[in-house]
Amino acid sequence: MTRLAHLLGGEEAAAQWTNARVHQLVVGYRLDPNTALDLVEQAVAEDNPAILAEPGQVWTRRAEADPDLPAVLYLTHRLGPEHLVAEDGGTTGTGVIWLAALYAYELNYWKRE
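Residues numbered from 1 in each chain as written. Predicted model: local features only at pLDDT ≥ 70, side-chain atom pairs only at ≥ 80, totals over all residues. Heavy atoms only, no water.

(A) Quick peek at the nonpolar core. In this structure, Trp-17, Trp-59, Leu-75, Leu-102 and Trp-110 are the most contacted members of the largest nonpolar core, which totals 28 residues. For this core, the secondary-structure elements that each account for two or more residues are helix H1 (3-8), helix H2 (11-29), helix H3 (33-46), helix H4 (49-52), strand S2 (72-78), strand S3 (83-87) and strand S5 (105-110). Not counting residues within four places of it along the chain, the set of residues in contact with Leu-75 comprises Ala-53, Glu-54, Pro-55, Gly-56, Gln-57, Trp-59, Leu-84, Val-85, Ala-86, Ile-97 and Leu-102. (Core = buried A, V, L, I, M, F, W, Y, C linked by side-chain atoms within 4.5 Å. Buried < 20%, exposed > 50% of the residue type's maximum accessible area, 1.4 Å probe, protein only. Helix = DSSP H or I, 4+ residues; strand = E, 2+ residues; numbered from the N terminus. Contact = heavy atoms within 4.5 Å.)

(B) Local environment of the packing of aromatic side chains. In total, this model carries 1 aromatic pair according to the counting rule given. Where Trp-17 meets Trp-110, the ring centres are 5.3 Å apart and the plane angle is 80°; that geometry is what we call edge-to-face. With a gap of 93 residues between them, Trp-17 in helix H2 and Trp-110 in strand S5 connect regions that are remote in the sequence. (Phe/Tyr/Trp six-rings, centres within 6.5 Å; stacked < 30°, edge-to-face > 60°.)

(C) Up close: H3. Along its 14 residues, H3 runs 20 Å from first to last C-alpha, staying within 8% of the 20 Å computed at 1.5 Å per residue. Buried within H3 we find Ala-36, Val-40, Ala-43 and Val-44. In a view along the axis of H3, the buried residues occupy a sector of 100°, so they form one face of it. Set apart from the buried face of H3 by more than 90 degrees, the exposed residues are Asn-34 and Ala-45. Close packing links the buried residues of H3 with H1, H2 and H4. Two or three places before Asn-34, at the start of H3, stands the capping residue Asp-32, its side-chain oxygen 2.9 Å from that residue's backbone nitrogen. Where H3 terminates, the next one or two residues include Asp-47, which has phi positive at roughly 55°. (Expected span 1.5 Å × (residues − 1). Arc of directions from axis to C-beta. Polar contact = N/O pair within 3.5 Å; in protein donor to acceptor, adjacent residues only side chain to side chain.)

(D) Layout of the sheet that holds S3. Reading across the sheet, the 5 strands line up as S4-S3-S2-S1-S5 and stay open at both edges, with antiparallel pairing between neighbours. Both outer strands of the open sheet, strand S4 (94-98) and S5, are each paired with one neighbouring strand and no more. For this sheet, the mean inter-axis angle between neighbouring strands, taken without regard to orientation, is 40°. Pairing geometry for strand S1 (residues 57-61) and S2, over 3 bridges, is antiparallel. When the bridges of S2 are listed, Thr-60 appears paired with Val-72. (Pairing = 2+ DSSP bridges. Axes fitted to C-alpha atoms, helices over the stretch in contact; angles between N-to-C directions.)

(E) Structural detail: H2. The end-to-end C-alpha distance of H2 is 26 Å, a good match for the 27 Å that 19 residues give at a rise of 1.5 Å each. Taken together, the buried positions of H2 are Ala-14, Trp-17, Thr-18, Arg-21, Val-22 and Leu-25. Looking straight down H2, one finds its buried side chains confined to an arc of 130°; they lie on one side. For H2, the exposed residues lying more than 90 degrees away from the buried face are Glu-12, Asn-19, His-23 and Val-27. In the core, the buried residues of H2 are packed alongside H1, H3, H4 and S5.

(F) Fine view of unusual backbone geometry. At Arg-30, a position not held by glycine, the phi torsion is positive, near 55°. Assignment of secondary structure puts Arg-30 in the loop between H2 and H3. The phi dihedral of Asp-47 is positive, around 55°, even though this residue is not glycine. With respect to the secondary-structure elements, Asp-47 resides in the loop between H3 and H4.

Structural data, given as structure tokens:
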């Protein structure tokens, strides 16, 4: 089972998510479907939040990241293409974060409805 399938609960769920994300890139950015698929597959392999980040996910701080960052972030919702609301379970509670801040983290858990 691939890592994405493990996070989403099975190969079928992973394929559905991948196809939906590819479709978004093809329609929204007018990418060639093969190019979009390559981008999505690379994003999954690299935990790239620009493609992966969605509400319901838990991201854990990478070992090489700044130790002053919260250890875990739970994404609750988006505030547009570049901002997310996250809970850290610690002293800072809930706050708005830049999507780019997630590059210091890796996707650990994905709760989907």
